[in-house]
Amino acid sequence: MSLFSAFDLAAANQGLENTQELSIRCAEPQDLAPIASIEHQTAAYPCSNQQILDCIDQTIVLLQGSIVIGFAVIVSVENQAELHNIAIAPQQQAVGFGSLFLNALISALPSIVEKIYLEVRVSNFRAIRLYQRMGFSKIAERKDYYRSGLGREDAVIMARVCR
């Protein structure tokens, strides 16, 4: 069973009601252009369109009305989930949409998922603060995990109990 067949999108969308027409749904191939645009605007080393398409069945989009303003790539194995990527369009940042989106994603995870993991650049202080506010804790670091303009950069591995 895939993660999204047990993902409770209805519950997640109920939590988003009355929040500036926000909703989430599973991504579809026609979402490639807005997802790629957000990825290229927000990532130092963005994924290619083919990489995005390869993960489309593991991607949830955040909509404001009918416009894609964010996306998240989540995979699961057994009772664990891993957030591979989450991004909000730059013009929609700093108004709380990232927190709302992440909270909706976590609340909608299948009940079997006990813990969710993620990795973030050590230099991404905004994201680290967001994750800490959302209950994530640092559990480890990976040396030289990310490419950077100066060579390599470490990743902070974070986790949160879901249930």
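## Brief notes about the nonpolar core
Reasoning step 1: Counting residues in each nonpolar core, the largest one holds 35 residues, and the members touching the most others are Phe7, Ile24, Leu62, Tyr131 and Phe136.
Reasoning step 2: A per-element tally of this core places helix H4 (residues 97-107) first, with six residues.
Reasoning step 3: Setting aside residues up to four positions removed in sequence, Phe136 forms contacts with Leu102, Ile106, Ile116, Leu118, Tyr131, Met158, Ala159 and Arg160.
Reasoning step 4: Counting 14 residues, the second largest nonpolar core, distinct from the first, contains Leu32, Ile35, Ile38 and Ala89.

## Topic: the confidence of the model for the chain
Reasoning step 1: Per-chain confidence: the chain averages 90 in pLDDT, with 96% of residues scoring 70 or above.
Reasoning step 2: Looking at the elements of the chain, mean pLDDT is at its lowest for helix H1 (residues 9-16), recorded as 80, and at its highest for helix H2 (residues 32-42), recorded as 97.

## Here we look at the pattern of salt bridges
Reasoning step 1: Per the stated rule, a full pass over the model turns up five salt bridges.
Reasoning step 2: A salt bridge links Glu119 to Arg142, with the shortest nitrogen-to-oxygen separation between them at 1.9 Å. Of this pair, Glu119 sits in strand S5 (residues 115-121) while Arg142 sits in strand S6 (residues 137-148), and the two are 23 residues apart along the sequence.
Reasoning step 3: Given the relative accessible area of 18%, Glu119 is considered buried.
Reasoning step 4: Lys143 is the partner of Asp154 in a salt bridge, and the nearest nitrogen-oxygen pair spans 3.3 Å. One end of the pair, Asp154, is in strand S7 (residues 151-161); the other, Lys143, is in strand S6, and eleven residues separate them in sequence.
Reasoning step 5: Given a relative accessible area of 15%, Asp154 falls into the buried group.

## Looking at the state of the cysteines
Reasoning step 1: For the coordinates displayed, the defined rule picks out zero disulfides.
Reasoning step 2: Cys26 forms no disulfide, and the closest cysteine sulfur to it belongs to Cys55, at a distance of 14 Å.
Reasoning step 3: As a non-bridged cysteine, Cys47 has Cys55 as the owner of its nearest cysteine sulfur, 6.9 Å distant.

What counts as what
- Residues numbered from 1 in each chain as written.
- Predicted model: local features only at pLDDT ≥ 70, side-chain atom pairs only at ≥ 80, totals over all residues.
- Heavy atoms only, no water.
- Core = buried A, V, L, I, M, F, W, Y, C linked by side-chain atoms within 4.5 Å.
- Buried < 20%, exposed > 50% of the residue type's maximum accessible area, 1.4 Å probe, protein only.
- Helix = DSSP H or I, 4+ residues; strand = E, 2+ residues; numbered from the N terminus.
- Contact = heavy atoms within 4.5 Å.
- pLDDT = per-residue confidence, 0-100.
- Salt bridge = Lys/Arg side-chain N within 4 Å of Asp/Glu carboxyl O.
- Disulfide = S-S within 2.5 Å.

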